[in-house]
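# Topology and contacts: notes
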Amino acid sequence: MNVNSADTDRPRLSSGGPISLDAVIDALISDGLVPRDHVGRVRSLRESGVDRQLHPLIQVAKLKLPHPTLNGRLLDIHVLTEWLAAECGLPHYRIDPMEVEVEAVTGIISQAYARRYGILPVEIQPNTLIVATSEPFDLRWMNDLSQIVRRQIKVVVASPLDIDRFIEEFYGVSRSVRRATDLRIGTGGIAGIPNFEQLLELGRSGNLNADDQHVVFIVDWLLQYAFDQRASDIHLEPRRELSNVRFRIDGRLHTVYQMPTPVMGAVNARIKVLGRMDVAEKRRPQDGRIKTRAPDGQEIELRISIMPTAFGEKCVMRIFDPVVTQLGFEELGFSSSELGIWRQMVERPHGIVLVTGPTGSGKTTTLYATLRHLASPDINVCTVEDPIEMVSPEFNQMQVVSGIGVTFASGVRTLLRQDPDVIMVGEIRDLETAQMAIQAALTGHLVLSTLHTNDAPSAITRLLDLGAPHYMLRGTVCGIVAQRLVRTLCPECKAPADLDPAHWQSLIGRWKIPEPKQFYGPVGCESCRNTGYRGRTAIYEMMAVDSRIDDLILKDTDLSALTRRAIKMGMRPLRVSAARKVIAGLTTPEEAGRVIPPDAIDPDRHA
């Protein structure tokens, strides 16, 4: 292992043993990583009352010193860890909990042993065990561990904060799952939970309580884990023996953990208790809500859906991050021209504005951003939703409860007697709701709602299919927006790349859009979990409706003629908005092409 013995003029961090604070300070100053005007602050650490039990890198990181060469970057724990890895000639490793097989790695060494030496197994390969450490010069454990696992040990350097955190988390959840499993002797499933292939073992019984401390710990860890990973949905999927836990991150599902099915049942029971659902009812679907706090103290709401399946109850928790619902129009993905059109639509005193797209395309987020834009002390904003996505103090929100007759239609009818200025209807699903939305618009209210259609012009034909009279749609619908979400390139690792002409042509179709002068492609780094993408942005199809469009709204409206007229008036399809995102370096043709629908018409004929 290289410990910089060739460079005799530079201080060595260690000759074998834990790293000392003095050695780290001397080496950082020698390498020029400490700005000259901060050298005194760093040296004062030697005499300060800083907790000497902390790792030296943590003590230096707490100073929040500016990086001398990377503008805007601090000498944080990750920068210092990369520096330490380079100093000792070992790979730097950023622990991604989604890539670690927790049960496997925690079974190799005890938690006490991991704590003693500050090490954490992170990956098991056929002939190699990868072990992360923040003390690369203290390898007293290496030979013993190699003999125990009968594998070659590969040492990597990781942040001491990450190692300490994940030692506690990994061993904690592994211990809780193991003890919860032990409480339920047998594998036939939790008592009372239906199992498609129930196995009865005579003389063996047991039960897991939803309030058991191990189950409570698992659920708490699961929620915090999801918040840390920016998950939008948590899927708990029971199977015959091992059940899956999956997170949806940036629109894609990732398997993050597996646990015994009996434990999964107890976890579901705990979630049902928190969501104020009927724990005893396991035959019918149920819905609930949980309000909790993220690690940063921000309040977060989760919408829960429980569905009975062959091997137990499947649970999906949708996470509503308040930060997302409070984004401005530009942060959602509106270009300046699109924003101008959208504001013209929603700042009218009355009419219907529709947002269309499939489930998970960001329609509700767009509507919430619009309602916050419109809300003011002199405006009464009311919503009727199923369910209420995010509770907001600026709005008066009503929950649909079909079982007692509170539907979208009856909700709008009630809201009309509440002196509203703006009404948001969660979704227009049937003729009665459509008629009430039209009635509200005709009586001087602005109505915002959603529909499930592939593009903006199809919203008109969808309303006609529901039975809405064509003559009532004229002059009532004032704007329609179709949208999709595309993953954005990771800003930390995206790099210039060669544009594949085939992919570009497939994206733009027959639309005449010049190729971007500079194209960026995904690379993959620790920040984006080596996917090359981090976060999502929206692409839009804006269709303003005026008298020229109204003329084509007939009982048997020709969708192609309607689309051509809209294009002639300036509407551009989703693929054009997506192409602009590619030109701006935000995404790739492959990613954009994954979500856009085919064009309804040939653009060359729009004139």
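These numbers were taken from a predicted model, which means no experiment stands behind them.

### Regarding the pairing of strand 5 (residues 242-249)
Bridge count between strand 4 (residues 233-237) and strand 5: five bridges; the pairing is antiparallel. Paired with E237 across the strands is N244, a residue of strand 5. Remark: four residues form the turn of the hairpin made by strand 4 and strand 5, two consecutive strands paired antiparallel. As paired strands, strand 5 and strand 6 (residues 252-260) are joined by eight bridges and run antiparallel to one another. When the bridges of strand 6 are listed, L242 appears paired with P260. In textbook terms, the turn of a hairpin is the stretch between consecutive antiparallel strands, and for strand 5 and strand 6 this stretch comprises two residues, one of which, D250, has a positive phi near 55°.

### Some points on the sheet that holds strand 7 (residues 286-293)
Pairing is antiparallel in the open sheet, where six strands are placed in the order 6-5-4-9-8-7. Across the chains shown, the open sheet's two edge strands, defined by having one partner strand only, are strand 6 and strand 7. In this sheet, adjacent strand axes meet at a mean angle of 20° when their direction is disregarded. As paired strands, strand 4 and strand 9 (residues 312-320) are joined by four bridges and run antiparallel to one another. Bridge assignment links I234 to a residue of strand 9, and that residue is M317. Sitting on the sheet, helix 10 (residues 261-274) touches strand 4, strand 5, strand 6, strand 7, strand 8 (299-309) and strand 9, and the angle it makes with strand 6 is about 110°.

### Concerning the packing of helix 19 (residues 501-508) against helix 22 (residues 574-583)
Packing of helix 19 against helix 22 brings their axes to within 8 Å, and their N-to-C directions diverge by 145°. Listed contacts from helix 22 to W504, S506, L507 and I508 of helix 19 are R575, A578, A579, V582 and I583. Considered class by class, the residues forming the contact of helix 19 with helix 22 number seven nonpolar, one polar and one charged.

### Focus: the environment of L442
With respect to the element layout, L442 can be found in helix 16 (residues 431-442). Distance from L442 to G351, taken between C-alpha atoms, is 7.1 Å for residues 91 residues apart in sequence. In contact with L442, not counting residues within four places along its chain, are M472 and T476.

### Digging into the pattern of salt bridges
A side chain of one charge can pair with a side chain of the opposite charge when the charged atoms of the two come close. Overall, the coordinates contain 17 salt bridges when judged by the stated rule. We note a salt bridge from R115 to E168, for which the minimum N-O separation is 2.9 Å. Here R115 is found in helix 6 (residues 111-117), whereas its partner E168 is found in helix 8 (residues 160-183), with 53 residues between them in sequence. Looking at R115, the relative accessible area reads 49%, which means it is partly exposed. The exposure class of E168 is partly exposed, given its relative accessible area of 38%. Here R594 and E591 are joined by a salt bridge, their closest N and O atoms 2.6 Å apart. Residue R594 and its partner E591 are both found in helix 23 (residues 589-595); the two are separated by three residues, about one turn of the helix.

### Thoughts on the confidence of the model for the protein
Looking at the protein as a whole, the pLDDT averages 85, with 89% of positions reaching at least 70. Note on residues 185-207: pLDDT under 50 across the span, and 39 contacts to partners over four residues away in sequence or across chains.

### Let's talk about the side chain of T383
Along the chain, T383 falls in strand 11 (residues 381-385). Within the structure, the side chain of T383 is placed 2.7 Å from the side chain of E385, a separation counted as a polar contact. Residue contacts for T383: discarding those within four places in its chain leaves L371, F395, N396, Q397, M398, L415 and M424.

### Here we look at the environment of D430
Position of D430 relative to the elements: it lies in the loop between strand 13 (422-425) and helix 16. Distance from D430 to L466, taken between C-alpha atoms, is 6.1 Å for residues 36 residues apart in sequence. A polar contact is formed between the side chain of D430 and the side chain of T433, at a distance of 2.7 Å.

### Some points on helix 9 (residues 213-228)
An ideal rise of 1.5 Å per residue puts 22 Å on 16 residues; helix 9 measures up with 22 Å between its terminal C-alpha atoms. Looking only at helix 9, the buried set comprises H214, V215, V216, I218, V219, W221, L222, L223, Y225, A226 and F227. Phi turns positive, to about 60°, at R230, one or two residues after helix 9.

### Here we look at the sheet that holds strand 13
Read from one edge to the other, the open sheet built from seven strands follows the order 12-11-13-14-10-15-18, with strand pairing classed as mixed. The open sheet has two free edges, formed respectively by strand 12 (396-399) and strand 18 (533-544), since each of these has just one partner strand. Across the sheet, the mean angle from the axis of one strand to that of its neighbour is 20°, orientation sign disregarded. Note: strand 11 against strand 13, four bridges, orientation parallel. Residue pairing for strand 13: C382 is matched across the bridge by I423. Relative to the sheet, helix 15 (residues 408-415) contacts strand 11, strand 12 and strand 13, its axis offset from that of strand 11 by approximately 165°.

Criteria and thresholds
Residues numbered from 1 in each chain as written. Predicted model: local features only at pLDDT ≥ 70, side-chain atom pairs only at ≥ 80, totals over all residues. Heavy atoms only, no water. Pairing = 2+ DSSP bridges. Helix = DSSP H or I, 4+ residues; strand = E, 2+ residues; numbered from the N terminus. Axes fitted to C-alpha atoms, helices over the stretch in contact; angles between N-to-C directions. Contact = heavy atoms within 4.5 Å. Nonpolar A, V, L, I, M, F, W, Y, C, P; charged D, E, K, R; others polar. Salt bridge = Lys/Arg side-chain N within 4 Å of Asp/Glu carboxyl O. Buried < 20%, exposed > 50% of the residue type's maximum accessible area, 1.4 Å probe, protein only. pLDDT = per-residue confidence, 0-100. Polar contact = N/O pair within 3.5 Å; in protein donor to acceptor, adjacent residues only side chain to side chain. Expected span 1.5 Å × (residues − 1).

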